[in-house]
Amino acid sequence: MDNLYLLTVGVTLLACVLAVIGVHTYSAGKAQQQALYQRMSQTGPIPVVGRRRRFRGVDRRLRGTRLGKRIERKINTTGLDLTPGEYAVYVVGGVLGLYFVVGSIFAPFFGLLAALLGLWGGNYFLNYQIGKRTEAFINQLPELTRVLANATQAGLALRTAIAMAAEELDNPAGEEFRKVADQLAVGRSLDDALNELAERLPSRELTVLVSTLILSNRAGGTIVSSLRNLTDTLEERKETRREVTTLLSQVKVTAVAVPLLGFGFLLILNGMRDGALDDMTNATAGKVAVVIASGLYGLGFFLINRLTRVRI
C-alpha cells in the first residue's frame, strides 16, 4: 500500500514537471508566432533571435551565488543551450522523480540513495559533456593546425589565420576559435585569448598548440615548420588514442554493468518476497549494510574508471 502511494505521488510529480515544461514551450511558441506575424505585417519590431529562456527568476537568483557561477562556467564549456536556472530545475525535478519512483519500487530508503545518486549524476552529466566536447576538439586539432600552417605559409598574419580557421572548421573547434577571433577583434591580447581557450578545454594537445602559437607570436620567426611538425604528431596521437579507447571499451562497460547487476539482485530479492527490502531497511543493520554495499559499488566504479584512464 505504501509503495502504491509513493508510486502515485512520483508519477503525479513527474506529470506536473512535464506539464510546466509543456506550458513554457507552448508560451514560447506563441511568442515566436506573434513576433513572426508582426514582422510579416510591418517592418517595425524585430523578433528576438533564439529560444525563450525558462525559469528566469530561478536563473537570476542562482547566477548571484558561487554555485550558480560554477554551473554557468561548466555549461558554457559544454556548449549546451541551457541556463543555470534551467539546469537546476531539471536536476531537482529528476532527483525528486528518482526518489519517488525508486522508493516505490524498492523501499523509501533506496529512494533517498537514488536522490543522492541523481545529484551526483547531474554534475557527472556536465563533466561528461565537457569531456566529450574536449575529445571532439582534440580530434579536430590536426585539421586546425593544418589550416593555420597553410594560412601562415600564404603570408597571412596569425590573427587572420585564426579568423579563417574559425570560418572553415566545424564545431566545436570553429565555435571556440570564433570566440578567440571575437576577443582579438575587440582588442584583447593573443596570449590572454589563447590561454582562456586552454582553460576552457584543458588537454595536453591544446596546451602544446597554444604554447607554440604564443611563443611564435612573441619571438617571431617562421611558424609554418612548427605547425607542420605539430600536425604530424597530433595525427599519430589521434590514432593512438583511438586504439586505446577501443581496447578499454569492454572494461568500461564492465564498470557500468556491475552496479546494474546489484540493482537486479535487489529486484529479484524483492520479487521473491514482497516487502523484503522494506523489512531490511527498517532495521539499522540493514541500512548500514545497504550504505556499505552502495559505497563498495561506487568505489568499484571509480577505481575501474581511474585505472582505465590512460594519458597519452
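Residues numbered from 1 in each chain as written. Predicted model: local features only at pLDDT ≥ 70, side-chain atom pairs only at ≥ 80, totals over all residues. Heavy atoms only, no water.

Caption draft 1: Structural detail: the overall build of the protein chain. A count of helices and strands for the protein chain gives 12 helices and 0 strands. Along the chain direction, N to C, the helices and strands of the protein chain fall in the order α-α-α-α-α-α-α-α-α-α-α-α. Looking at the 312 residues of the protein chain, the share that counts as buried comes to 35%. For the protein chain, contacts bridging at least 24 residues in sequence account for 65% of all contacts bridging at least 6. Carbon and sulfur atoms make up 62% of the accessible area of the protein chain, which totals about 19000 Å². (Helix = DSSP H or I, 4+ residues; strand = E, 2+ residues; numbered from the N terminus. Buried < 20%, exposed > 50% of the residue type's maximum accessible area, 1.4 Å probe, protein only. Contact = heavy atoms within 4.5 Å. Areas by Shrake-Rupley, 256 points an atom, 1.4 Å probe, with all protein chains shown as cover.)

Caption draft 2: Main features of the environment of Tyr128. With respect to the helices and strands, the residue Tyr128 is situated in helix H5 (residues 108-153). Look at Tyr128 and you get partly exposed, because its relative accessible area is 46%. For the pair Tyr128 and Thr78, spaced 50 residues apart in the sequence, the C-alpha separation amounts to 8.8 Å.

Caption draft 3: Quick peek at unusual backbone geometry. Here the amide bond leading from Asn171 into Pro172 is cis, since omega sits at 10 degrees, within 30 degrees of zero. Of note, Pro172 is situated in the loop between helix H6 (158-168) and helix H7 (173-185). For Phe55, which is not a glycine, the phi torsion comes out positive at approximately 55 degrees. With respect to the element layout, Phe55 can be found in the loop between helix H1 (2-41) and helix H2 (56-63). Judged by its relative accessible area of 14%, Phe55 falls in the buried class.

Caption draft 4: Quick look at the packing of H5 against H7. H7 packs onto H5 with a crossing angle of 80 degrees between their chain directions and a minimal axis gap of 9 Å. Compared by their axis directions, H5 and H7 come out roughly perpendicular. In contact with Arg133, Phe137, Gln140 and Leu144 of H5, H7 contributes Ala173, Glu175, Glu176 and Phe177. Here the residues of the contact of H5 with H7 sort into 4 nonpolar, 1 polar and 3 charged. (Axes fitted to C-alpha atoms, helices over the stretch in contact; angles between N-to-C directions. Parallel < 35°, antiparallel > 145°, perpendicular 65-115°, else oblique. Nonpolar A, V, L, I, M, F, W, Y, C, P; charged D, E, K, R; others polar.)

Caption draft 5: Examining the side chain of Thr145 more closely. Tracing the backbone shows Thr145 in helix H5. From its side chain, Thr145 meets the backbone oxygen of Pro142 in a polar contact 2.8 Å long. (Polar contact = N/O pair within 3.5 Å; in protein donor to acceptor, adjacent residues only side chain to side chain.)

Caption draft 6: Spatial organisation of the packing of helix H10 (residues 224-272) against helix H12 (residues 284-307). It is the contact of H10 with H12, at a shortest axis distance of 9 Å, that shows an interaxial angle of 175 degrees. When the axes of H10 and H12 are compared, the pair comes out roughly antiparallel. On H12, the residues touching Val251, Ala255, Val256, Val258, Pro259 and Gly262 of H10 are Tyr297, Phe301, Ile304 and Asn305. Its residues placed into classes, the contact of H10 with H12 shows 8 nonpolar, 2 polar and no charged.

Caption draft 7: Representation of the nonpolar core within the structure. Counting 32 residues, the largest nonpolar core has Leu144 and Ile162 as the members making the most contacts within it. If you list the elements that add at least two residues to this core, you get H5, H6, H7, helix H8 (190-200), helix H9 (204-219) and H10. The element best represented in this core is H5, accounting for 7 residues. Not counting residues within four places of it along the chain, the set of residues in contact with Leu144 comprises Phe137, Ala165, Leu169, Phe177 and Leu209. Counting residues in each nonpolar core, the second largest holds 9 residues, with Val102, Phe110, Ala114 and Val290 among its members. (Core = buried A, V, L, I, M, F, W, Y, C linked by side-chain atoms within 4.5 Å.)

Caption draft 8: The pattern of salt bridges, seen in detail. Overall, the coordinates contain 8 salt bridges when judged by the stated rule. The partner of Glu176 in a salt bridge is Arg200, with the nearest N and O atoms 2.8 Å apart. In this pair, Glu176 sits in helix H7 while Arg200 sits in helix H8, placing the two residues 24 residues apart along the sequence. The pair Glu176 / Arg200 is uniform in exposure class, with both members buried. (Salt bridge = Lys/Arg side-chain N within 4 Å of Asp/Glu carboxyl O.)

Caption draft 9: Summary view of the packing of aromatic side chains. Following the criterion strictly, the structure yields 6 aromatic pairs and no others. Taken together, a centroid distance of 5.8 Å and an interplanar angle of 40 degrees make the contact between Phe106 and Phe110 tilted. Exposure class is identical for Phe106 and Phe110. Each is buried. Aromatic pair Phe137 and Phe177: ring centres 6.4 Å apart, planes at 10 degrees, arrangement stacked. Highlighted residues: Phe137 in helix H5 and Phe177 in helix H7, separated in sequence by 40 residues. Note on Phe137: relative accessible area 1%, which makes it buried. (Phe/Tyr/Trp six-rings, centres within 6.5 Å; stacked < 30°, edge-to-face > 60°.)

Caption draft 10: Structural detail: a negative patch on the surface. Taken together, the side chains of Glu143, Glu167, Glu168 and Asp170 present a region of like negative charge at the surface. Note that Glu168 resides in helix H6. (Patch = residues over 30% accessible without salt bridge, like charges linked within 9 Å, V, L, I, M, F, W, Y side chains within 5 Å. Lys, Arg positive; Asp, Glu negative; His and termini not counted. Charge placed at Lys NZ, Arg CZ, Asp CG, Glu CD.)

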